[in-house]
Every structure is written in structure tokens, then in C-alpha cells.
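# Architecture at a glance
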2 protein chains.
Amino acid sequence: MSATSGTSRSAQASDGGHLEVSNTALLDTLWASMVSLYGDLTTAATAQGLTYSQAKALNVLRQGPAPMRSLAATLHCDASNITGIIDRLEARGFVRREPSPTDRRVKNVVLAEDGAAAVETLRAGMHATHESLDALSEEERATLQSLLTRLFVAGDGGF
Amino acid sequence: MSATSGTSRSAQASDGGHLEVSNTALLDTLWASMVSLYGDLTTAATAQGLTYSQAKALNVLRQGPAPMRSLAATLHCDASNITGIIDRLEARGFVRREPSPTDRRVKNVVLAEDGAAAVETLRAGMHATHESLDALSEEERATLQSLLTRLFVAGDGGF
DNA sequence: TATTGTTATACTCTATAACTATA
DNA sequence: TATAGTTATAGAGTATAACAATA
């Protein structure tokens with residue numbers, strides 16, 4: 001945004017480690033993008049009577065059933081939170097708790113039909129995001145997908 | 001991810017409007033990226049004794065003082081939330097409330113020295129993000145910055 | 001009248017610690 | 001002993017509604 005170029009990078013390995021201060025401008029852009037996406041997602045979730053955390057949980061469960069502990073790891077929160085979040089989703093019939101056949105300690109959370117419908121409606125309702133994506137070319141979307149996958153998804157499944 | 005290609009796009013304008021279902025895979029990637037970035041940010045914030053929301057507020061204030069109402073809009077939350085968030089940041093000396101010279105209803109929130117130091121430390125502490133960014137080439141970072149800016153920042157300042 | 005910021009309220013999220021039941 | 005899930009607790013975030021001060 002300034003004369004120092006959008007991709008400047010202070011390559012000072014102050015303590016012998018890797019590059020410490022990498023690209024302030026890009027960090028700003030990533031941060032702002034996250035806040036915008038968060039806003040669009042929260043708006044769409046509220047329209048379904050869901051909180052941000054509930055929406056995240058439902059979205060993860062689109063990929064298949066998951067144990068409570070696994071959900072906590074994926075959502076970067078303590079396992080005790082998941083109990084309440086799943087409690088509330090289960091009370092609305094959006095998910096079910098099923099016993100694991102292999103480990104009687106484990107409860108697998110399964111996305112119910114109503115939950116699947118709600119999360120699909122939510123995803124379709126992220127209008128600002130969809131409109132922005134429509135403004136990119138096919139090639140640009142492929143590039144973005146590739147870069148973001150390398151940045152955030154590839155490593156170990158979300159840092 | 002599947003045989004349907006990473007950039008497929010169901011171009012069905014079901015109700016005469018714009019393209020409704022755009023790129024499920026890319027939405028997934030964006031969502032996962034947001035969750036990962038959120039996780040890294042929260043971890044770095046916790047190390048500074050800050051919550052995610054407090055960190056977002058401090059980061060916005062890096063760009064200069066802002067009225068309460070403006071902070072609420074930028075952070076996509078109700079104005080009544082900001083009162084509490086700024087209360088807690090002010091109690092720790094991270095921000096100050098200053099009266100607006102032009103409108104006696106308005107209070108401008110100013111980043112204090114300790115707050116500026118805390119947010120810079122926080123940003124430097126987002127190790128997972130920095131390491132990921134270091135793995136991209138200069139050109140790739142420029143491309144990512146450009147694409148994200150068009151997607152999320154350019155429009156109207158965060159949707 | 002409309003807007004800015006605050007307060008009161010109720011609900012949700014969040015981490016910590018302690019607990020039960022399994023492994 | 002270690003792990004999965006729950007409960008209790010306290011602090012923080014969140015939106016709604018009502019309010020005072022100012023425009």
C-alpha cells in the first residue's frame with residue numbers, strides 16, 4: 001500500500017532462526033481477509049440461527065463423522081467446549097452422538113439431515129464471498145486454491 | 001480433491017440472478033484457511049494475554065485512532081460489544097478513549113504505547129503463518145496479495 | 001428525529017480443573 | 001497410567017433493547 005512495495009520482506013534472522021519478520025503487508029491482507037470472511041460467515045450463520053462455532057462444527061462434519069476430541073483439535077479449542085456446542089446442535093436435531101464400535105470411550109458425532117441442509121443453506125448464503133469469487137477468472141481461482149492449500153491446508157491439516 | 005476438478009463451478013443461475021453455487025472446493029479451502037489463521041492468531045494472542053477480539057481491535061487501531069462505532073463496523077459486531085472490549089484494553093493501558101474535537105458524542109480510541117508493542121509482538125508470534133509465507137516465492141506472495149485484496153479488501157473495506 | 005456511546009440482560013463461547021468410564 | 005468425554009466454574013464475547021447526551 002506504500003512505497004515499500006506490497007511484497008517487501010525484512011530478512012533479518014535476529015536470533016539465527018528463520019526469517020522472523022516476513023511481509024507485513026501480506027500479513028495485513030491475510031488478517032483483513034480472515035475478518036471479512038468471518039463476517040460473511042457469521043452473517044450467513046445468524047440467518048440460520050447458528051453461531052460461528054456451531055457453523056464451523058457443522059462444516060467439519062460435512063466430511064464425515066468425527067469423535068469429540070477430533071472436533072476439538074480441528075476447531076482449535078478445548079474439548080470441553082465441544083460438549084456444549086454439540087449439546088445445542090443435538091437439541092435441534094442437527095447432529096447425533098453415536099457410540100464408536102471400536103472404543104467405548106469415544107462418541108462419533110454424525111451430521112443429521114437437518115444439519116446437512118442447514119450448513120448447505122449457510123454456505124450458499126455467503127453472498128459476499130460468492131460474488132467476490134465470481135469476479136475471478138477460472139485460472140485465478142485455481143491459483144488462489146493452490147496457494148491457500150500450500151499455506152494453510154497442506155501442512156498437517158490446519159497447522 | 002476429486003475427479004470434478006478443483007475449480008469446477010456450477011453455473012446454474014437458478015433464479016435469474018448471478019451464479020449461485022460457485023466453486024465448492026474453493027469455498028472449503030477459504031474456510032479452512034480462515035480457521036487455520038484464526039487458530040494461529042488466537043494462539044499468539046493468548047501468549048500476550050489477549051483474546052481474539054481484543055487482538056482484532058488492537059490490530060485495527062494500528063492504522064490510527066477510530067471511533068467506537070467505526071470499530072464495531074470494521075469488526076462486524078454490535079457497538080455494545082466494543083464498549084466492553086475497549087473497557088478491558090483500557091484497563092490494561094493498551095488503548096485510550098479521547099473525545100472527538102468535532103463531535104462531542106464521539107470517542108476516538110487511540111492505541112497506547114503498550115498496546116502497540118503488544119500487537120507487534122503478537123503479529124511476530126504468528127509463527128505458523130510466517131513459516132508458511134516464507135515457503136512462498138516473492139512472486140507467489142505478490143500474486144496472493146493481489147488476489148486476496150481483490151476478493152476481500154478492495155470492495156468497500158471488508159464487504 | 002437521528003446518531004453515538006453506554007448499560008442491563010440473556011445466551012454462547014472459552015479455558016481450567018476435577019470427575020467418570022474406559023483403554 | 002493414559003485417554004475420551006463430561007461437568008462445574010469464571011471470565012469474555014455477542015445481540016437486543018432501552019437509555020442519556022449530542023447532533
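One can find the structure itself at the top, above this paragraph.
So, how was this worked out
Residues numbered from 1 in each chain as written. Chains lettered and ligands numbered in written order. Predicted model: local features only at pLDDT ≥ 70, side-chain atom pairs only at ≥ 80, totals over all residues. Heavy atoms only, no water. Contact = heavy atoms within 4.5 Å. Buried area = accessible area lost by both parts, 1.4 Å probe. Salt bridge = Lys/Arg side-chain N within 4 Å of Asp/Glu carboxyl O. Polar contact = N/O pair within 3.5 Å; in protein donor to acceptor, adjacent residues only side chain to side chain. Helix = DSSP H or I, 4+ residues; strand = E, 2+ residues; numbered from the N terminus. Nonpolar A, V, L, I, M, F, W, Y, C, P; charged D, E, K, R; others polar. Near = heavy atom within 4 Å. Pairing = 2+ DSSP bridges. Axes fitted to C-alpha atoms, helices over the stretch in contact; angles between N-to-C directions. Buried < 20%, exposed > 50% of the residue type's maximum accessible area, 1.4 Å probe, protein only.

### Some points on the interface of chain B and chain A
- Each side of the interface is counted separately: chain B has 64 residues, and chain A has 64 residues.
- Interface area for chain B against chain A, summed over the two sides, is near 6,500 Å², with a carbon-plus-sulfur share of 66%.
- For the interface between chain B and chain A, the tally reads six salt bridges.
- A salt bridge links Glu140 of chain A to Arg150 of chain B; the shortest N-O distance between them is 2.6 Å.
- For the pair chain B and chain A, the interface holds 15 residue pairs in polar contact (both at pLDDT 80 or more).
- Among the elements of the structure, α1 (24-47), α2 (52-61), α5 (113-124), α6 (127-134) and α7 (138-153) of chain B are those that each provide at least two residues to the side of chain B that touches chain A.
- Considering every element that reaches the side of chain B that touches chain A, the biggest residue donor is α1 of chain B, with 18 residues.
- For the side of chain B that touches chain A, a count of residues per class yields 30 nonpolar, 21 polar and 13 charged.

### Focus on the protein's contact with DNA strand C
- The full set close to DNA strand C counts 23 residues, and Thr51, Asp78, Asn81 and Arg88 of chain A together with Arg69 of chain B are the nearest of them.
- In the interface set of DNA strand C, defined as its atoms within 4 Å of the protein, sugar plus phosphate atoms amount to 67%.
- Thr51 of chain A is positioned with one of its side-chain polar atoms (N or O) 2.5 Å from a phosphate oxygen of DNA strand C.
- For DNA strand C, a phosphate oxygen lies 2.6 Å from a polar atom in the backbone of Asp78 of chain A.
- The element best represented in the surface near DNA strand C is helix α4 (residues 79-91) of chain A, accounting for four residues.

### Let's talk about the sheet that holds strand β2 (residues 95-99) of chain A
Residues and elements named next belong to chain A.
- Spatial ordering of the open sheet is given by β1-β3-β2, a layout of three strands whose pairing is antiparallel. At either margin of the open sheet sits one strand with a lone partner, and together these are β1 (66-67) and β2.
- Looking at chain direction, β2 and strand β3 (residues 107-111) are connected through five bridges and run antiparallel. Bridge pairing links Val95 to Leu111 in β3.
- Relative to the sheet, helix α2 (residues 52-61) contacts β1, β2 and β3, its axis offset from that of β3 by approximately 90 degrees.

### What about the pairing of strand β3 (residues 107-111) of chain B?
Residues and elements named next belong to chain B.
- For β3, the buried fraction is high: four of the five residues fall into the buried class.
- Of the pairings in the sheet, the one linking strand β1 (residues 66-67) to β3 comprises two bridges and is antiparallel in character. Considered in β3, the bridge of Pro67 is made with Asn108.

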